[in-house]
Amino acid sequence: MPAAPSIEVLPSGKALGAEIKGVDLTRLSPDAFERIRQAYHDHLVILIRDQDLSDPELIAFGKRFGELEPPGMSIIGKPYLDDYPDVLVISNLKSGDGTPLGNLGDGEAIWHTDMSYRETPVSAAILHAWEIPPRGGDTSFANQYRAYDTLPHDLHAKIEGRLMVHDETYNSAGQMRKGFEEVADPREAPGARHPVVRTHPVTGRKCLYLGRRRNGCILGLCLEDSEATLDRLWAHASQPSFAWTHRWREGDVLVWDNRCVLHRRDGFDPASRRMMHRVQIKGERPA
Ligand code: SIN
């Protein structure tokens, strides 16, 4: 008889993703959390619907995965929530004087890994939907174990053992972070240098670790070769057969493994409202 028998794990049927049914994230037994953690490792992205979490409850759920990491620099130069600096607000809403109430606005957020520009990027992110537009704003995920396992031989030979630049200047919506400047040469972009292929510290499996395309650069290749190689890598890593797209409902909670998954978000109508709260879990230096 499985521990926490009322919990069901329903795989998406795609390259990654599963819904977990039968849980209230504010009242999880150790056995129930263990089922959730196992599903997260098995499916890389997990969805739990119909959760009404306050920020302290989101924080408490996040801490079950590990220590929280404060978010990267926001576009307003300070945390969005004074009382909860570990929570990143992602929203298109603005205050009366026009100050953004969250990151990313209403446009597309391109394929990326969260905070890979840090020396020790976050291992996981947890996103909770407060308000959702009637259309658009879907979030897609791509399985980077599969991307690595299916790499064409010549591409594999070109990147194995190499490091890549992970630029910090722009977020995934193309918004410049406060305090940064335009990058003239990607080889000199501010941000960490990480292996293009990393080994997941829990599963021991290798995966691609690409960060963001903008200002990316593979060290040791000339700029022209790096650009051409990155274009091929990104086209391979983000192909639809490796992906699963989530259409949000209010109360949804998604947890993703930021070490082996890329994600992106569709744009949506600027006149509609989207409000999400996110926490992120400390990670380790990619190796
Ligand atoms: C993110 O990139 O973390 C945000 C995704 C989303 O807004 O759905």
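Just so it is clear, the model here is predicted, and its values are computed rather than measured.

Reading the values: the criteria
Residues numbered from 1 in each chain as written. Predicted model: local features only at pLDDT ≥ 70, side-chain atom pairs only at ≥ 80, totals over all residues. Heavy atoms only, no water. Helix = DSSP H or I, 4+ residues; strand = E, 2+ residues; numbered from the N terminus. Rg over C-alpha atoms; globule rule 2.2 N^0.38 Å. Contact = heavy atoms within 4.5 Å. Areas by Shrake-Rupley, 256 points an atom, 1.4 Å probe, with all protein chains shown as cover. Lys, Arg positive; Asp, Glu negative; His and termini not counted. Charge placed at Lys NZ, Arg CZ, Asp CG, Glu CD. Near = heavy atom within 4 Å. Polar contact = N/O pair within 3.5 Å; in protein donor to acceptor, adjacent residues only side chain to side chain. 1 Å grid on protein atoms, 1.4 Å probe; cavity = no way out; pocket = protein on both sides within 12 Å on 5 of 7 lines; lining within 4 Å. Sits in = over half its atoms within 2 Å of the grid points. Nonpolar A, V, L, I, M, F, W, Y, C, P; charged D, E, K, R; others polar. Buried < 20%, exposed > 50% of the residue type's maximum accessible area, 1.4 Å probe, protein only. Pairing = 2+ DSSP bridges. Phe/Tyr/Trp six-rings, centres within 6.5 Å; stacked < 30°, edge-to-face > 60°. Core = buried A, V, L, I, M, F, W, Y, C linked by side-chain atoms within 4.5 Å. Points joined across faces, edges and corners; volume = space filled by probe spheres on them.

1. A look at the overall build of the protein chain
Check the secondary structure of the protein chain and you find five helices and 18 strands. Relative to the globule expectation of 19 Å for 287 residues, the C-alpha radius of gyration of the protein chain, 19 Å, shows essentially globular dimensions. Counting only C-alpha atoms, the protein chain reaches 55 × 55 × 35 Å along its principal axes. Partitioning the intrachain contacts of the protein chain with sequence separation of at least 6 by distance along the chain shows that 79% fall at a separation of at least 24. Carbon and sulfur atoms form 49% of the exposed surface of the protein chain, whose accessible area is close to 12500 Å². Between the mean site of the 36 positive side-chain charges and the mean site of the 41 negative ones, the protein chain shows a separation of 2 Å.

2. Concerning the site of the ligand
Around the ligand, the surrounding shell consists of Ile90, Leu104, His112, Asp114, Leu127, Thr139, Trp248, Trp256, His263, Arg265, Arg274 and Arg278. Thr139 places a side-chain nitrogen or oxygen 2.5 Å from an oxygen atom of the ligand. Calculation on the ligand without its partners gives an accessible area of 260 Å², and the protein chains cover 99% of this total. Put simply, the ligand lies in the largest cavity. Across the shell around the ligand, the residue classes break down as five nonpolar, three polar and four charged.

3. Some details on the pairing of strand β17 (residues 261–265)
Within β17, five of the five residues are buried, which leaves the element mostly enclosed by the surrounding structure. Neither face of β17 is left uncovered, since the one carrying Val261, His263 and Arg265 and the one carrying Leu262 and Arg264 both have all their residues buried. Note: strand β7 (residues 109–112) against β17, two bridges, orientation antiparallel. From the neighbouring strand, Ala109 faces β17, where its bridge partner is Arg265. Here five bridges tie strand β9 (residues 139–143) to β17, and the two strands are oriented antiparallel to one another. Note that in β17 the partner of Ala142 across the bridge is Leu262.

4. Topic: the packing of aromatic side chains
By the definition in use, this model includes six aromatic pairs. Plain terms: the ring middles of Phe33 and Phe65 are 5.0 Å apart, the flat faces sit at 85 degrees to each other, and that makes the pair edge-to-face. With Phe33 in helix α1 (residues 30–43) and Phe65 in helix α2 (residues 55–65), this pair connects stretches of sequence that are 32 residues apart. Look at Phe65 and you get buried, because its relative accessible area is 15%. An angle of 75 degrees between the planes, with centres 5.4 Å apart, marks the rings of Tyr40 and Phe65 as edge-to-face.

5. Some thoughts on the nonpolar core
Most often, soluble globular proteins have nonpolar side chains that are buried together. Counting 27 residues, the largest nonpolar core has Leu16, Val45, Phe141 and Leu254 as the members making the most contacts within it. When residues of this core are traced back to their parent elements, those giving at least two are β3 (45–48), β5 (88–91), β8 (124–131), β16 (253–257) and β18 (275–281). Beyond its immediate stretch of four places on either side in the chain, Leu254 contacts Val45, Ile46, Leu47, Ala125, Ile126, Leu127, Phe141, Trp244, His246 and Trp248. Residues Ala4, Ile20, Val23 and Phe33 belong to the second largest nonpolar core, which totals 26 residues.

6. A look at empty space enclosed by the protein
Where empty space is left can be seen by rolling a probe of water-molecule size over the atoms. Enumeration over the complete set of coordinates arrives at one cavity of 30 Å³ or more. The volume enclosed by the largest cavity comes to roughly 250 Å³. As for the largest cavity, its lining consists of 23 residues, of which Ile90, Leu104, His112, Asp114 and Arg278 are closest to the centre. Broken down by secondary-structure element, the contributors of at least two residues to the lining of the largest cavity are β5, β6 (103–104), β7 and β17. Broken down by element, the lining of the largest cavity gets its largest block of residues, three residues, from β17. Residues that form the lining of the largest cavity fall into these classes: nine nonpolar, seven polar and seven charged.

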